[in-house]
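What follows is each chain in one-letter form.
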Amino acid sequence: MTIHNGTNESLEISGLPGGKVVVDGGKLARAGDIRKPLALVAKSTTGPQTYTVQLELPPPGGEAVWAIGGQGCFAEGDFTEYYEAPPEVPAQAHVLSIVKPGTETWLSTGPISAGPGERLPEGTRGGTVRALVHVPCDVTRFPELTRSWLEMTLPEIEPKP
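Residues numbered from 1 in each chain as written. Predicted model: local features only at pLDDT ≥ 70, side-chain atom pairs only at ≥ 80, totals over all residues. Heavy atoms only, no water.

Explain the sheet that holds strand β5 (residues 38–44) to me, please; I cannot follow it from the model alone.
Strands in a sheet are paired, the pairing made by backbone hydrogen bonds, and the direction either parallel or antiparallel. Overall, antiparallel pairing links the four strands, which are arranged β3-β2-β5-β6 in an open sheet. Looking at the sheet topology across the chains shown, the edges are occupied by β3 (21–23) and β6 (50–55). Each strand axis lies, on average, 25° off the axis of its neighbour in the sheet, ignoring direction. Strand direction decides the pairing type here: strand β2 (residues 11–14) and β3, joined by three bridges, are antiparallel. Paired with I13 across the two strands is V21, which belongs to β3. (Pairing = 2+ DSSP bridges. Helix = DSSP H or I, 4+ residues; strand = E, 2+ residues; numbered from the N terminus. Axes fitted to C-alpha atoms, helices over the stretch in contact; angles between N-to-C directions.)

Below, the structure is given as structure tokens:
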């Protein structure tokens, strides 16, 4: 699961399986081992602001996003061609889903091989290879620009041959 703090203050998140975590304004936090729906609470570390959410359980191997304040933007990309295309054929990422500004929660429809900031696996055993990438909100208005952004981030998440 990914939590994006779209506020200007640090928030303490409770209700996660691993305990509480503090997420600074504009930053991301990742949490794993999600086995049931979650009731999460984010409280300001300096003021009275509190945010709450009920998150459904994503599918097995899937990803959930809580974009507190609706300011976190993401793109789910299919990177399968990078594993299956012959070396002489330029591979492309394909945009499967875009989390745009104003969206506070999102669930993937299938497994995600890499979350924001994580590397794609070095190898696969067939099937689709999907990643969720944190993108600037401005690029989410244009699907082709979103696809280009996914491909620009490949040096950070590109699988090793």
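This is not the end of the story, as more comes after the structure.
Teacher, can you tell me more about the pattern of salt bridges here?
If the charged atoms of two oppositely charged side chains come close together, the side chains can form a pair. In the structure shown here, the tally under the stated rule is seven salt bridges. For E12, the salt bridge goes to K20, with nearest N and O atoms at 3.8 Å. The partly exposed category is assigned to E12, whose relative accessible area is 31%. When the shortest N-O distance is used, the salt bridge between R130 and E76 registers 3.3 Å. Here the residue R130 occupies a position in strand β11 (residues 130–134), and E76 occupies one in strand β8 (residues 74–78), the gap between them amounting to 54 residues. (Salt bridge = Lys/Arg side-chain N within 4 Å of Asp/Glu carboxyl O. Buried < 20%, exposed > 50% of the residue type's maximum accessible area, 1.4 Å probe, protein only.)

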